Amino acid sequence: MKYYLTEKEDVVSSLNTSSEIGLSTEEATARLERDGKNKLAEGKKVTILQRIISQILDPMVLVLIGAAVVSAITELSLHPDKLPTDVFIILAVVILNTVLGVVQESKAEKAIDALKEMAAATSKVIRDGKHIVIRSEDLVVGDLVLLEAGDAIPADGRIIESASIKIEEAALTGESVPAEKVDHCLTAADNGDVPLGDRRNMCYMGSVMVYGRGAMVVTATGMSTEMGKIATAITEAEEGETPLQKKLSQLSKILTWLVLGICAFMFAFTLFTNRDLLAHAEKSQLLKLILEDAFMPAVSLAVAAIPEGLAAVVTIVLSMGVTKMSKQNAIIRRLTAVETLGCTQIICSDKTGTLTQNKMTVVDFWSNNEALLATGMSLCSDAEPDETGNAVGEPTECALVNYATKLGLHKNELKASAPRIGEAPFDSGRKMMSTVHNCNGTIIQYTKGAPDELLARCTRILINGSEVDMTDAYRAEALAKNTEFATQALRVLACAYKKHEAEPADYSPAALENNLVFIGLVGMIDPVRPEVTDAVKQCVGAGIRPVMITGDHKDTAVAIAKTLGILEDASQAITGAEIDKYSEEEFNQLVVNYSVYARVQPEHKVRIVNAWRKRGMVTAMTGDGVNDAPSIKNADIGVGMGITGTDVTKNVADMILTDDNFATIVSAVAEGRRIYDNITKCIQFLLSSNLSEVISVFVATLCGFTILKAPHLLFINLVTDSIPALALGTEKAEPDIMTRKPRKNNEGIFAGGMGFNIAYQGLMISAITLAAYFIGYRFEFGAWGIGESVHGITLAFLAMSMSEIFHSYNLRSHGSIFKLKTHNMILWGSMVLSLLLTTALIFIPALSNLFGFSEDIGLVEYGIALLLAVSTIPIVEIVKLLTRLFAKNKD
């Protein structure tokens, strides 16, 4: 049953209750057992163990664990008295990656708990004809709940008695002005229904009564309430992978199959080339041949191919970005969400509190006496200033009191000089209220309300300080100004006064509200945040489309959107009721036509976000109300407001703006792009380095000699690669970072020429490494040749380590590094540190013996390796130049 379209007597009857005595205790107990408690269900929580398992099940991690196991078996079989140090190194890397991932990704799912806290703790009800107070969780459908100002609404209900009820529903509907409530039946719209925000005879769990008194009969409890539907939407929303997660997952699978394929080939190739030895070998020789000559090169290749430091580097780079963003008023709750900002294409923003200030403000007036207008509006209001001077109370009345304060007319001073002696409270039927004051013996009445209703009760008008008769011309002029304000989406109120010879004996509206003198009009609006207009322009310049989603009225939303530059024409706006007319397929096609969505309900917001996502657009959703929570969780990145945002929204958001500033999103986008840029540089650097290792080991194995062993490769991967890679993550943004179009969501990890760069740079470093090996062989044996050489291994290690150290400098920019106007001192420091550690490994005897290096490396060989390594910089610069020339000619 649609209770808002049903007479209240019929609602009470259909729920088998009574508006006089309520439910009996027995019936309430039976309904509680049948329907359950009036509370929200718990959401599923992911345990720490589940998070650890998900980290370990990454394909690259599994291959590393496999390599460690094989290496351990091999080492212990061949050398039972020797500890397999490389196994411990590999496992230490796995543990480090797992711990980092779990710590950074663990976030408590507090959304449902926060929703529960928004429900009232106790409620005043009528049961068995008696007024009693019960726990709100014990409410049942059919309970008669008594309401007064300040009460939190404990469940969904149909209002059956209303004395000027106003309910704050901003968290649920997005409207900044409290909704005036009635108890009569509503009329359905053309679609046979009434939008949530227009159901003036209903009240909903989680909203707050700010004015009046009344009663409601409970129509829904717990998960059946509108709040419950939001809770369901939150728990059912799936956590999608971010673009970076998808790319790293793709990379992980590619590398895993590549490693397994190459290792299997290397193992089979080694066995094939030694087939004659295998056929005639004794058991001990056979074991050595299989394990040491076939297995260990394959394990070395696996270690070479897998960038062990990649996961840790990406996590730490993201963490550094998170720390930096927190200092810029953006707190990141989900680590990988940082880079999602960088490829955001659509920002769906809630209007109230996000684009606007969520603070009704008088922005225009029409009167010959502004001071008297402001005085009348302030005195004829129940809002009061707090210790800071800002008004507290119903938002519209707060706006009127603050308006007077700005003119130097302070409410407390006005009250002192003209204390209130009587009143006719606001009533939604007559749409006005009156207060009577004693101003130094003069009795004056101020009346404020809807312009058309108030003008009908005015017989005179204040013109240039004098009262003159209200003519049709004056009335038409006032109504025309009212229309002008309304077309600007302003909320318009009128004010009038009346002098009495003595204190009225009758304070009824009929006795007071006649023969009034019209003072003027004020126009109010929830104004846009001053910084938002520029932020929207920057979004557009960065190729990001801003979209407004609000529960407010269409004309108000359009006016705000035009001011901000979000839309140009009202045809680009659509209401929730109009959305309901379209099927999913139709709406998915039409969603691109609209930039403003008005009078929407929570399910509409989710539908809008999902429609954009289904079109392949990376979508962000910002908001602060409970009604934003499901769509925030469904978006690629959810942005909550830290000051005005509800706990529900904060707990499902990926990012929280501590200053509630829409402009902070723009700087977050720039930071997200910088971080992603740097992560791709890290990936390119690490993969080109690993490729050079694979090629070097592969070629050496085919030629029948060992160029580098597993511990050597691990040192390179974890020290001379990872330290500079981390430093690359601190690189400042390139100049064009916010003039680029957003990256495509489905863009592959090797897109944009990255695959080519990794390939040629890997070949370059492997060529340098192989050259260094043969030079070392020449120094050791005095002639050129191919074979095992400790001197060659040492020089190859030195050349590869230093090449990768210098190559990290190449990755500072996609363009020429010599055109950069900034310096990365952290990178310089990391390069020096890596170089010192590599040198120490060669020249400190204990370390050199541990790694099996030659002790006879001199300064000449060291200098040759250094020159070979430095050559990476001019080579890459030449390729970059040729690439730019090719791209220019192509255009």
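Here, every reference points to the structure presented above.
Okay, so let's go over this structure. (Residues numbered from 1 in each chain as written. Predicted model: local features only at pLDDT ≥ 70, side-chain atom pairs only at ≥ 80, totals over all residues. Heavy atoms only, no water.)

1. Description of the nonpolar core
Convention followed: Residues enter a nonpolar core if they are buried and are Ala, Val, Leu, Ile, Met, Phe, Trp, Tyr or Cys, with the set joined through side-chain atoms within 4.5 Å. To sort residues, take the accessible area from a 1.4 Å probe on protein chains only and compare it with the maximum for the residue type: under 20% means buried, over 50% means exposed, and anything in between is partly exposed. Only heavy atoms enter the contact rule, under which two residues are in contact if any of them lie within 4.5 Å.
Counting residues in hydrophobic clusters, the biggest one holds 119 residues, and the most contacted among them are Met325, Phe518, Met655, Phe662 and Ile707. Leave out the neighbours within four places in its chain, and Met325 touches Ala330, Ile332, Val338, Leu341, Met655, Ala668, Glu671 and Ile675. With 41 residues, the next largest nonpolar core counts Val141, Ile346, Tyr594 and Tyr597 among its residues.

2. Considerations on the pairing of strand 7 (residues 208–220)
As a reminder, the rule being used: What makes two strands pair is DSSP finding at least two bridges between them. Strands are runs of DSSP state E lasting at least 2 residues, helices are runs of H or I lasting at least 4, and numbering of each runs from the N terminus.
The pairing of strand 3 (residues 144–148) with strand 7 spans five bridges and is classified as antiparallel. Its bridge partner being in strand 7, Glu148 is matched across the sheet by Arg213. Direction of pairing for strand 4 (residues 156–168) relative to strand 7: antiparallel, over a ladder of ten bridges. Paired with Asp156 across the strands is Ala220, a residue of strand 7.

3. Topic: the side chain of Lys681
Relative to the helices and strands, Lys681 is located in helix 28 (residues 662–703). On the basis of relative accessibility, which here comes to 1%, the residue Lys681 falls in the buried class. Dropping the residues within four chain positions of it, Lys681 is found in contact with Leu728, Glu731, Glu734, Leu811, Arg812, Ser813 and His814.

4. Notes on the environment of Ser696
Tracing the chain through its elements places Ser696 in helix 28. Spatially, the C-alpha atoms of Ser696 and Thr706 are 9.5 Å apart, while their sequence positions differ by ten residues. Excluding its chain neighbours within four sequence positions, the residues that come into contact with Ser696 are Ile707, Ser766, Thr769, Leu770 and Met800.

5. Remarks on the environment of Arg460
One can find Arg460 in strand 16 (residues 458–463). On the basis of relative accessible area, Arg460 is assigned to the partly exposed category, the value being 29%. Separated by 36 residues in sequence, Arg460 and Ala496 place their C-alpha atoms 9.4 Å apart. Ignoring sequence-local partners within four residues, the contact set of Arg460 consists of Glu467, Val468, Asp469, Met470, Leu516, Val517 and Phe518.

6. Examining the sheet that holds strand 8 (residues 330–332)
This is how the line gets drawn: The axes used here are C-alpha line fits, helices contributing only the stretch in contact, and every angle between their N-to-C directions lies in the interval 0 to 180 degrees.
Spatial ordering of the open sheet is given by 8-25-24-23-9-20-22-21, a layout of eight strands whose pairing is mixed. Edge strands, defined here as strands with exactly one partner in the open sheet, are strand 8 and strand 21 (573–575). Geometrically, the sheet is characterised by an average inter-axis angle of 20 degrees between neighbouring strands, direction not taken into account.

7. Quick word on the packing of helix 15 (residues 370–379) against helix 16 (residues 395–406)
Under the convention used in this document: Any angle from 65 to 115 degrees is called roughly perpendicular, while one under 35 is roughly parallel, one over 145 is roughly antiparallel, and all others are oblique. By convention, the crossing between two helices is left-handed when the near helix turns anticlockwise from the far helix through less than a right angle, and right-handed when the turn is clockwise. For this classification, Asp, Glu, Lys and Arg are treated as charged, while Ala, Val, Leu, Ile, Met, Phe, Trp, Tyr, Cys and Pro are nonpolar and the rest, including Gly, are polar.
For the pair helix 15 and helix 16, the least separation of the axes is 8 Å and the interaxial angle reads 140 degrees. Between helix 15 and helix 16, the angle falls in the class oblique. The interaxial crossing formed by helix 15 with helix 16 has left-handed handedness. Across from Glu370, Leu373, Ala374, Met377 and Ser378 in helix 15, the residues of helix 16 making contact are Leu400, Val401, Tyr403 and Ala404. Of the residues assigned to the contact of helix 15 with helix 16, the class counts are seven nonpolar, one polar and one charged.

8. Here we look at the pairing of strand 3
By the bridge criterion, two bridges tie strand 1 (residues 122–127) to strand 3 in an arrangement that is antiparallel. Opposite Ile126, over in strand 3, you have Leu144 as the bridge partner.

9. Describing the packing of helix 31 (residues 790–810) against helix 34 (residues 859–870)
For the pair helix 31 and helix 34, the least separation of the axes is 8 Å and the interaxial angle reads 35 degrees. Read as a crossing pair, helix 31 and helix 34 show a hand that is right-handed. Contacts from His791, Leu795, Leu798, Ala799, Met802, Ser803 and Phe806 in helix 31 reach Glu861, Tyr862, Ala865, Leu866, Leu868, Ala869 and Val870 in helix 34. Looking at side-chain class alone, the contact of helix 31 with helix 34 contains eleven nonpolar, two polar and one charged residues.

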